[in-house]
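# Observations on chain architecture
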Amino acid sequence: MTSMKAALSNGRARSPANACRLIIATALLVACTAHAQTNRPPAGASAAALRPTEGATAVRIASEPGVTLAGTLHLPLDRGHAPYPLAILIQGHGPNGRGGYAEIIRHLNAQGIAALEYDKRGVGQSTGPYKEDLQRLTADAAAAVAAMRRNPAIDGSRIALIGHSQGGVIAPAVAAADPTIAAVVTLAGSVGDGLPYLRQAMLNQMRAAGRPQAVAEPAADAALALLQARADHQDAAMIAQRRAEVIARFEAAGFPRPLAESALARIDTEEAWRADKLRSASDLKALQIPVLAVFADKDPLVVASIEAADARKALAANPRGSVVVLDGLSHWFQEGAVTGGEEEVASLGPNAGSPRLVALVGDWLDRVLGEKPQAAGNAPPR
């Protein structure tokens, strides 16, 4: 199959529609996957993946009115004793349910750390409307934290958040608003603030795909102008003009008219209009708790060479912040990636199943959750 980079650089490559989705979804949906993130159990295995094991109990978490999250709390019954430290897993973009982080959960339990996973709102057994709204999804994650603090089996002073992709944006937002969160792990979480970040993310993707700067910048600028017009509640005539400019600029960048129109359809959405509220860089910068930001060097969605540098900058004043780039892995953190493209996912094992990633995250959390909690805002001496 044509590599993802080749598909992006050639409008007539074998999978041009997927290429277009990659650019637009990456830049305008906060570096989420091109469509539903593949972090669910393989087809035909979902029932087995969700079958309760020893120490796994079903929980119901009340979030906003009309929203109850269905989750599974995995307790390490054969390691240590209650109350246990806890890691809450926050999923990426798409209608994702439980079962996508089995290897990480297994490793955490083996080290005496409980783990909570839950179906996103409107997915699986969770109630409420399914909607990709960062503010609402952040509220859901905060509700999960609050519910676990009320659980007598959990040590409320040792709750960590693990966020993958979109979840890597949500986790720092929850922690920035809750200074009692013990630690944050982000896996391929994008780092930036507002619409300017999305413009830069689109440029990064188009450059990585071989699009010339001279055509990439006008396309990104046109997309930004449209989203800014939406954010400013401009009139219909201005919106129509901005939409036409997006199509024209994408055609000039080498996309056939149908793909340019597809790009517009993915840019001009309610989800993208709210991207001006993205504050992932500011949220990371605000944290003075242990933070581990992990990226993958074959990730076609969150470009590690750029995003890792931005993470280091955001965490520069946090002596307990760490940034790690894992070689040979893609956005889904599976061993054996060649192109890093989504077409490889189904053949490379479980989502976030790389033994290197699992050991890195599990061992790091084992260490930091074993530390004595510090007062909010206080950092150890450098």
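Basis of the calculations
- Residues numbered from 1 in each chain as written.
- Predicted model: local features only at pLDDT ≥ 70, side-chain atom pairs only at ≥ 80, totals over all residues.
- Heavy atoms only, no water.
- Helix = DSSP H or I, 4+ residues; strand = E, 2+ residues; numbered from the N terminus.
- Polar contact = N/O pair within 3.5 Å; in protein donor to acceptor, adjacent residues only side chain to side chain.
- Contact = heavy atoms within 4.5 Å.
- 1 Å grid on protein atoms, 1.4 Å probe; cavity = no way out; pocket = protein on both sides within 12 Å on 5 of 7 lines; lining within 4 Å.
- Points joined across faces, edges and corners; volume = space filled by probe spheres on them.
- Nonpolar A, V, L, I, M, F, W, Y, C, P; charged D, E, K, R; others polar.
- Buried < 20%, exposed > 50% of the residue type's maximum accessible area, 1.4 Å probe, protein only.
- Pairing = 2+ DSSP bridges.
- Salt bridge = Lys/Arg side-chain N within 4 Å of Asp/Glu carboxyl O.

## Remarks on the side chain of Gln334
- Inspection of the secondary structure assignment puts Gln334 in the loop between strand 8 (321–326) and helix 14 (355–368).
- A polar contact of 3.0 Å, which involves the side chain of Gln334, links it to the backbone oxygen of Val345.
- Once residues within four sequence positions are removed from consideration, Gln334 is found in contact with Gly328, Leu329, Val345, Leu348, Gly349, Pro350 and Asn351.

## Let's talk about empty space enclosed by the protein
- In this structure the tally under the stated criterion is three cavities of 30 Å³ or more.
- Considering only enclosed or pocket space, the largest cavity measures out at about 60 Å³ in volume.
- Along the walls of the largest cavity sit Ile90, Gln91, Tyr118, Lys120, Arg121, Leu137, Asp140, Gln166 and Ile170, which together make up its complete lining.
- Looking at the lining of the largest cavity residue by residue, the class counts come to four nonpolar, two polar and three charged.

## As for the pairing of strand 2 (residues 68–74)
- Judged by how many residues are buried, strand 2 sits mostly within the fold: six of seven residues are covered.
- As paired strands, strand 1 (residues 56–62) and strand 2 are joined by seven bridges and run antiparallel to one another. When the sheet's bridge partners are listed, Ile61 is paired in strand 2 with Leu69.
- Between strand 1 and strand 2, which pair antiparallel and follow one another directly, the connecting turn spans five residues, one of which, Gly66, has a positive phi of 85°.
- With four bridges connecting them, strand 2 and strand 4 (residues 114–118) associate as antiparallel partners. What sits directly across from His74, in strand 4, is Ala115.

## Structural notes on the pattern of salt bridges
- A complete count under the given rule lists 17 salt bridges for this structure.
- Residue Glu64 pairs with Arg121 through a salt bridge whose shortest N-O separation is 2.9 Å. Separated by 57 residues along the polypeptide, Glu64 in the loop between strand 1 and strand 2 and Arg121 in the loop between strand 4 and helix 5 (134–149) bring together distant segments of the chain.
- We classify Glu64 as partly exposed; its relative accessible area is 22%.
- With its nearest N and O atoms 3.2 Å apart, the salt bridge here joins Glu245 to Arg242. Here Arg242 and Glu245 lie together in helix 9 (residues 236–252), a separation of three residues that amounts to about one turn.
- Assessed through its relative accessible area of 27%, Glu245 is described here as partly exposed.
- On the basis of relative accessibility, which here comes to 24%, the residue Arg242 falls in the partly exposed class.
- Connected through shared salt-bridge partners, Glu64, Arg121, Arg136 and Asp140 make up one network.

The quantities given are spatial measurements derived from coordinates; they are silent on function.
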